[in-house]
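# Analysis of the macromolecular model
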Amino acid sequence: MKRYQQNIRRVVPYVPGDQPDFPDMIKLNTNENPYPPAPAVQEVLSKSQAEQMRLYPDPTAHQLNAAIAKVYGVEESQVFTGVGSDDVLAMIFQTFFNSELPILFPDITYAFYPVWCDLFRIPYEVQPLNEKLEIVPEDYFKENGGIVFPNPNAPTGIAMPAAEIERILQHNPESLVVIDEAYVDFGGESVLPLLNKYDNLMVVQTFSKSRSMAGERIGFAIGSPELIRALHDVKYSFNSYTMNRSALAAGTASVEDQAYLEEITAKIVATRERSKTVLREMGFQFPDSKSNFLFVTHPDCNAHELFEALREAHIFVRWFDAPRVRDYLRITIGTDAQMDALFDFLRKYLGK
Ligand SMILES: *Cc1c(COP(=O)(O)O)cnc(C)c1O
């Protein structure tokens, strides 16, 4: 091997869910929202975006950050936006997780966390979920280089009450605690109100799920001005223009229409609750999800075989080839019609 080859950084990348493209497909595999984004978003994007393109975007993302600050009741100096929350979280890992002590996150959680640890050479230690697939707060009451987990957790969908997260914060005055609220708009309890009490808390959210904007790539973090400044310094040392013009405009339009967000998340929550009843009747078991997906297992069928059979029928769900979760499928909540088509397939498959 040549020296330049020896010097290549070898990483095992995160593998996102498939993006198949069939006209008749039912796509319930990557937690996208089945409804369109807010009407104002569509107006903004059809307006002369191409003409504006020759100019650089605002590197401070002022308009979008101010809109987010207003809606969530914080100062603009407490908001950081990035190209999806993946970009925001990667920047957070790089900026804040520089301890010799391991950072802590659950064994079953968002599979990107260990990938960033490997990429940025951050030591980490996973904390096993209990047998009900819940995060155990006490597991995080030990010395660490930082804490991160989603709430609700993915792919279980289980939400932790804000009071439990507060207990974790009380035991960790020396650590940054990052709560990834990618799914909080579907019924979880946000810890944004705790920011007034804890300067070591950072909350991350995304426009990809509840705001139907996965393709536009917008995520944000809210934290103390000191931490947000540090994130901006790292961003500007890497790429000043992470947010493009169309994302800044579309994101602002979305945030300015909270009523629409509430309308479509309520629809998804209603479909989720109905889906729980139907799936339970078919013999599926699952933790009580407060997200836009269900993590299901069935005593009489092999999850991987069912996953393949669904794929043959162009119904796409997610199966993880990982310890403890091989018997489960993660099913994104789609429209009522999409879920009914899934249920029809499952009834036939199970012979019911
Ligand atoms: C979807 C997801 C993200 C990232 O979403 P972006 O599209 O990059 O904003 C982050 N964390 C969790 C737990 C997710 O499920």
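Residues numbered from 1 in each chain as written. Predicted model: local features only at pLDDT ≥ 70, side-chain atom pairs only at ≥ 80, totals over all residues. Heavy atoms only, no water.

With that settled, the discussion passes to the nonpolar core. Judged by nonpolar contacts, the single largest core of 84 residues is most densely connected at Ile68, Leu201, Ile222, Leu329 and Leu342. The element that contributes the greatest number of residues to this core is helix 9 (residues 245-255), accounting for 6 residues. Of the domains in this structure, domain 1 (20-37 + 259-350) and domain 2 (55-256) are the two that each give at least three residues to this core. Ranked by size, the runner-up nonpolar core spans 27 residues in total, among them Leu176, Met202, Ala221 and Leu231. (Core = buried A, V, L, I, M, F, W, Y, C linked by side-chain atoms within 4.5 Å. Buried < 20%, exposed > 50% of the residue type's maximum accessible area, 1.4 Å probe, protein only. Helix = DSSP H or I, 4+ residues; strand = E, 2+ residues; numbered from the N terminus. Domains from an automatic or database assignment.)

In this section: the environment of Lys70. Along the chain, Lys70 falls in helix 4 (residues 62-72). Lys70 gets classed as exposed once you look at its relative accessible area, which sits at 73%. Note: C-alpha distance between Lys70 and Val255 (185 residues apart in sequence) is 9.2 Å.

Attention shifts here to the site of the ligand. Taken together, the neighbourhood of the ligand is formed by Gly84, Ser85, Asp86, Tyr110, Pro150, Asp180, Ala182, Tyr183, Thr206, Ser208, Lys209 and Arg217. Here an oxygen atom of the ligand and a side-chain polar atom of Tyr183 are 2.5 Å apart. Considering the ligand on its own, with 380 Å² of exposed area, one finds that the protein chains cover 93% of that surface. Here the shell around the ligand is composed, by residue class, of 4 nonpolar, 4 polar and 4 charged. (Near = heavy atom within 4 Å. Polar contact = N/O pair within 3.5 Å; in protein donor to acceptor, adjacent residues only side chain to side chain. Areas by Shrake-Rupley, 256 points an atom, 1.4 Å probe, with all protein chains shown as cover. Nonpolar A, V, L, I, M, F, W, Y, C, P; charged D, E, K, R; others polar.)

Next up on the list: the environment of Val126. The residue Val126 is located in strand 4 (residues 124-127) in this model. Expressed as a C-alpha distance, the spacing of Val126 and Asp321, which sit 195 residues apart in the sequence, is 18 Å. Setting aside its immediate chain neighbours within four residues, Val126 contacts Phe105, Pro106 and Asp107. (Contact = heavy atoms within 4.5 Å.)

Attention now goes to the side chain of Asp180. On the secondary structure map, Asp180 appears in strand 6 (residues 177-180). For the buried Asp180, which has no salt bridge, the nearest side chain bearing the opposite charge is Lys209, at an N-O separation of 7.1 Å. Ignoring sequence-local partners within four residues, the contact set of Asp180 consists of Leu89, Tyr110, Tyr113, Phe149, Pro150, Asn151 and Val204. (Lys, Arg positive; Asp, Glu negative; His and termini not counted. Salt bridge = Lys/Arg side-chain N within 4 Å of Asp/Glu carboxyl O.)

Moving on, we come to the packing of helix 11 (residues 303-312) against helix 12 (residues 336-350). A packed helix pair is summarised by two numbers, namely the angle formed by the two axes and the spacing between the axes. The N-to-C vectors of helix 11 and helix 12 enclose an angle of 125°; their axes lie 11 Å apart at closest approach. Judged on the interaxial angle alone, helix 12 and helix 11 are oblique. The crossing of helix 11 and helix 12 is right-handed. Facing helix 11, whose interface residues are Glu305, Leu306, Ala309 and Leu310, helix 12 presents Leu342, Phe345, Leu346 and Tyr349. Residues of the contact of helix 11 with helix 12, tallied by class, amount to 7 nonpolar, no polar and 1 charged. (Axes fitted to C-alpha atoms, helices over the stretch in contact; angles between N-to-C directions. Parallel < 35°, antiparallel > 145°, perpendicular 65-115°, else oblique. Left-handed = near helix turned anticlockwise from the far one by under 90°.)

Glancing now at the packing of aromatic side chains. Considering all chains together, one arrives at 21 aromatic pairs under this definition. Judged by centre distance (6.5 Å) and plane angle (70°), the rings of Tyr110 and Trp116 are edge-to-face. On the accessibility criterion, Tyr110 (19% relative accessible area) is buried. Three or more aromatic residues link up through ring pairs in this structure, and these residues are Tyr14, Phe93, Phe97, Phe105, Tyr110, Phe112, Tyr113, Trp116 and Tyr124. The side chain of Lys267 reaches across the aromatic face of Tyr35, ending 4.2 Å from its centre. One Lys or Arg, Arg330, reaches over the ring of Phe293 and ends 5.7 Å from the middle of that ring. (Phe/Tyr/Trp six-rings, centres within 6.5 Å; stacked < 30°, edge-to-face > 60°. Lys NZ or Arg CZ within 6 Å of the ring centre and 35° of its normal.)

So, on to the layout of surface pockets. Space inside the largest pocket adds up to approximately 1300 Å³. Along its surface, the largest pocket is lined by 47 residues, and Tyr14, Val15, Ala111, Arg318 and Phe320 are the ones closest to its centre. Where the lining of the largest pocket is concerned, the elements lending two or more residues are helix 5 (84-96), strand 3 (103-106), helix 6 (112-120) and helix 11. Split by residue class, the lining of the largest pocket holds 26 nonpolar, 9 polar and 12 charged. Mapping the lining of the largest pocket onto the domain boundaries places at least three of its residues in each of domain 1 (20-37 + 259-350) and domain 2 (55-256). (1 Å grid on protein atoms, 1.4 Å probe; cavity = no way out; pocket = protein on both sides within 12 Å on 5 of 7 lines; lining within 4 Å. Points joined across faces, edges and corners; volume = space filled by probe spheres on them.)

So, about the pattern of salt bridges. Evaluated as defined, the whole model comprises 17 salt bridges. Between Arg311 and Asp18 there is a salt bridge, with its nearest N and O atoms 4.0 Å apart. Taken together, the residues span a long stretch of sequence, with Arg311 in helix 11 and Asp18 in the loop between helix 1 (3-6) and strand 1 (26-27) at a distance of 293 residues. A salt bridge links Asp321 to Arg326; the shortest N-O distance between them is 2.8 Å. Note on Asp321: relative accessible area 55%, which makes it exposed. Take Arg326: its relative accessible area is 41%, and that puts it in the partly exposed class. Salt bridges linked by common partners bring Arg272, Glu273, Lys276, Asp288 and Lys290 together as one network.

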